[in-house]
Amino acid sequence: MKCSIGEKFSQGSLIPYGNIELSPCSGILNYGQGLFEGLKAYRKEDGRILLFRPEQNALRMKAGAERLCMPSPSIEQFVGAVKQTVLANERWVPPFEKGSMYLRPLLMGSGPSLGLGPAPEYTFLIYASPVGSYHKGQRSLNLVVEEKQHRASSGGTGGIKTVANYSPVLNALSRAKAQGFSEVLFLDAATGKYIDEASACNIFSVKGNSISTPPTHGTILPGITRKSIIEIAGTLGYQVEERPVAIDELLDADEAFCTGTAVVVTSIGSVTHQGRRIDYKTQADTVCQKLHEILTGIQMGRLADTKGWMVEVN
Ligand code: PMP
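What you are looking at is a predicted structure, and each value in this text was computed from that prediction instead of being measured.

Q: What is the right way to look at the site of the ligand in this model?
A: As a structural note, the neighbourhood of the ligand is formed by 13 residues, with L221, G223, T225, G260 and T261 the closest of them. Counting residues per element, the shell around the ligand draws most heavily on helix α5 (residues 224–235), which supplies three residues. A per-class count over the shell around the ligand returns four nonpolar, seven polar and two charged.

Q: For this particular structure, what's the right way to read α5?
A: Side chains of residues three or four places apart in an α-helix project in the same direction, reflecting 3.6 residues per turn. If you check α5, its first and last C-alpha atoms are 17 Å apart, about what 12 residues at 1.5 Å a residue would give, namely 16 Å. Taken together, the buried positions of α5 are occupied by I224, T225, R226, S228, I229, I230, I232 and A233. The first or second residue beyond α5 is G237, which carries a positive phi of 95°.

Q: Explanation requested: the nonpolar core in the structure shown.
A: Across soluble globular proteins, nonpolar side chains have a tendency to be buried as a group. Core analysis: the largest hydrophobic core is formed by 39 residues, its most contacted members being L143, V184, L185, A256, C258, I268 and L291. Looking at which element gives the most residues to this core, the answer is helix α7 (residues 287–300), with five residues. Setting aside anything within four residues of it in sequence, one finds L291 in contact with I229, I232, A233 and V265. In terms of nonpolar packing, the next biggest core, distinct from the first, is built from 31 residues, L68, L107, F124 and I126 among them.

Q: What am I meant to see in the domain arrangement of the chain here?
A: For interface size, the figure often reported is the accessible area lost on association. By the assigned domains, the chain splits into domain 1 (2–131) and domain 2 (140–300). Domain 1 and domain 2 are separated by 26 Å when their C-alpha centres are compared. Contacts between the two partners involve 20 residues from domain 1, matched on the other side by 12 residues from domain 2. Broken down by element, the side of domain 1 that touches domain 2 gets its largest block of residues, six residues, from helix α2 (residues 54–67).

Q: Just checking my understanding: could you explain α2 for this structure?
A: Relative to the 20 Å expected for 14 residues at 1.5 Å per residue, α2 spans 20 Å between its end C-alpha atoms, a close match to the ideal helical length. Of the positions making up α2, those classed as buried are P54, N57, A58, M61, G64 and A65. Around the axis of α2, the buried residues are gathered within 125° of arc, so they sit on the same side. Following α2 by one or two positions, C69 adopts a phi angle in the positive range, close to 60°.

Basis of the calculations
- Residues numbered from 1 in each chain as written.
- Predicted model: local features only at pLDDT ≥ 70, side-chain atom pairs only at ≥ 80, totals over all residues.
- Near = placed C-beta within 6 Å.
- Helix = DSSP H or I, 4+ residues; strand = E, 2+ residues; numbered from the N terminus.
- Nonpolar A, V, L, I, M, F, W, Y, C, P; charged D, E, K, R; others polar.
- Expected span 1.5 Å × (residues − 1).
- Buried ≥ 20, exposed ≤ 12 C-beta atoms within 10 Å, placed from the backbone.
- Core = buried A, V, L, I, M, F, W, Y, C linked by C-beta atoms within 7 Å.
- Contact = placed C-beta atoms within 7 Å.
- Domains from an automatic or database assignment.
- Arc of directions from axis to C-beta.

Right under this line is the structure:
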């Protein structure tokens with residue numbers, strides 16, 4: 001496996017996967033000056049390899065970099081480096097029925113900064129790994145509401161994909177997994193009444209013909225899958241609302257599902273809140289299944305890419 005790495009973003013090179021050098025005083029190690037992205041390369045039946053909306057990952061990284069006082073690669077540099085990494089590891093991209101290749105771009109303050117301040121040097125690298133389904137083929141996920149800890153607060157960094165957002169969820173996620181749940185559902189820090197998101201995916205609630213999901217006003221990650229699903233659901237005639245969704249509303253929904261690069265679009269089987277478990281419709285004829293069919297159809301090349309979302313690599 002090879003990964004691409006560039007210190008000045010225009011001078012990348014491909015090197016075998018392995019350890020990298022970092023100053024002990026680096027911005028990422030000391031002050032959490034780091035961002036990552038996650039995207040997948042899919043191999044179609046005819047052998048061609050496609051990326052799903054990689055420019056959206058580049059834009060999200062750019063927005064995050066501004067928030068963390070970091071320079072970022074241009075969209076062209078980002079997408080070019082992703083393609084280069086996929087091509088260098090082409091033989092590891094699984095056939096479409098087996099999975100995909102997950103790509104992890106990382107941007108970090110790699111140079112030394114002893115006093116609190118932006119690092120003087122930055123590194124952008126991408127590593128890759130073939131992956132199967134994220135939750136080992138589980139058809140639906142069982143979520144538990146985290147009653148005490150929050151993922152993000154207003155004015156904080158919940159809306160960007162900084163590495164520092166993920167260590168604070170590990171405690172709640174580990175507790176949830178130890179109790180047999182697949183994911184944690186975080187509530188808003190201000191009131192504890194509204195849903196934010198899970199540790200690595202966005203949440204949707206379905207009632208009749210209407211689909212609701214929390215707005216991206218800074219405490220949830222603006223997911224690229226979320227954005228794509230909102231668009232697809234709109235074209236299917238659902239009424240889609242981006243607005244605060246109370247936990248009580250979610251518990252009263254007909255159906256619920258989550259979205260993300262890893263989970264794609266997966267039904268939520270149950271949500272447990274304050275010891276009370278609510279089960280949702282997950283079988284046959286769900287809104288989630290319809291949306292999943294269309295999104296994966298576009299990603300795997302079964303359906304026409306009328307929106308121009310897919311980018312060819314080879
Ligand atoms: N929320 C969080 C906290 C995440 O880590 C992810 C995964 N990137 C998502 C939502 C979903 O985002 P996307 O659809 O872009 O993968």
